[in-house]
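# A look at the structure
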Amino acid sequence: MSRLSVPNLEYAAGASGQVYAQIKKAIGSVPNTFAAIAAHGPAALKSILAADAVLAAGSLTKRDQEVIKLVISSAGGCDYCVAAHNHLAKLAGVKPEELKQIRKGQPTGDAKRDALVGFVRKLALSSGTVRDEDFAAIKAAGYSDAQLVEISLAFATTVFTNVFNRINDTEIDFPAVA
């Protein structure tokens, strides 16, 4: 059970209630992590949702965004975020076998995706330190300067939710990862 209390979503009022209504309208339900963040910091959740809107308008595909978030969550050991981003990556078209390979840091056979996975994994495991060779490899794979900004934004928002879910021990409400 999650550590932080969450009000009944149907009766929540004020800033939290407004955020819940926006999320329900957009995706049909409020994931447990969003409910807990909004209950105690609605402005923080609005910031995360705004960042996700920036990413959605950017040049990285939804598939790439979810792969980035899955790699960071796997490296960080956040079970909630691994389940969420595994599910969302699957919805974005990543095959189950590829998801398993991505979570384990194994090659998928897609050179561009593998370069992205390797780069993001190195970022996650090195607290963001990038060697010249890592930078050259991601650029050689075809990622633009603008996409490096987007990768950084996806990284930052995912670290926030990873840390929050580890603090909260958020109850997982996404399909189990096999």
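Placed above this text is the structure.
Residues numbered from 1 in each chain as written. Predicted model: local features only at pLDDT ≥ 70, side-chain atom pairs only at ≥ 80, totals over all residues. Heavy atoms only, no water.

## Observations concerning the environment of alanine 141
What counts here: Helix and strand assignments follow DSSP, with helices taken as H or I runs no shorter than four residues and strands as E runs no shorter than two, numbered in order from the N terminus. A contact between two residues is defined here by any heavy atoms of the two lying within 4.5 Å.
Tracing the backbone shows alanine 141 in the loop between helix H8 (132-140) and helix H9 (145-168). Linking alanine 141 and alanine 39, residues 102 residues apart in sequence, is a C-alpha distance of 41 Å. Leave out the neighbours within four places in its chain, and alanine 141 touches Lys112 and Ala115.

## Re the nonpolar core
Using the following cut-off: Here, nonpolar core means buried Ala, Val, Leu, Ile, Met, Phe, Trp, Tyr and Cys residues that are tied together by side-chain atoms lying within 4.5 Å of each other. Note on exposure labels: buried denotes an accessible area under 20% of the residue type's maximum, exposed denotes more than 50%, and partly exposed covers the range between, all computed with a 1.4 Å probe on protein chains only.
Among the nonpolar cores identified, the biggest contains 23 residues, and Ile68, Ile102, Leu116, Val120 and Ile151 are the most heavily contacted of them. Going through the elements one at a time, helix H4 (62-76), helix H5 (79-91), helix H6 (96-104), helix H7 (111-125) and H9 are the ones with two or more residues in this core. When residues no more than four places from it in sequence are discounted, the contact partners of isoleucine 151 are Leu60, Ile68, Leu116, Phe119, Val120, Leu123 and Tyr143.

## A closer look at the environment of histidine 40
So the rule is basically this: Polar contacts here mean pairs of N or O atoms no more than 3.5 Å apart (in protein, one a potential hydrogen donor and the other a potential acceptor; neighbouring residues in sequence count only if both atoms are side-chain atoms).
Relative to the elements of secondary structure, histidine 40 occurs in helix H2 (residues 32-40). On a C-alpha basis, the gap between histidine 40 and serine 5 in space is 8.8 Å, while along the polypeptide they are 35 residues apart. Residues within four places of histidine 40 in sequence aside, it is in contact with Leu4 and Ser5. Polar contacts involving the side chain of histidine 40 include one to the main-chain carbonyl oxygen of serine 5, which spans 2.6 Å.

So, to be careful, I would describe these as geometric facts and stop short of saying anything about function.
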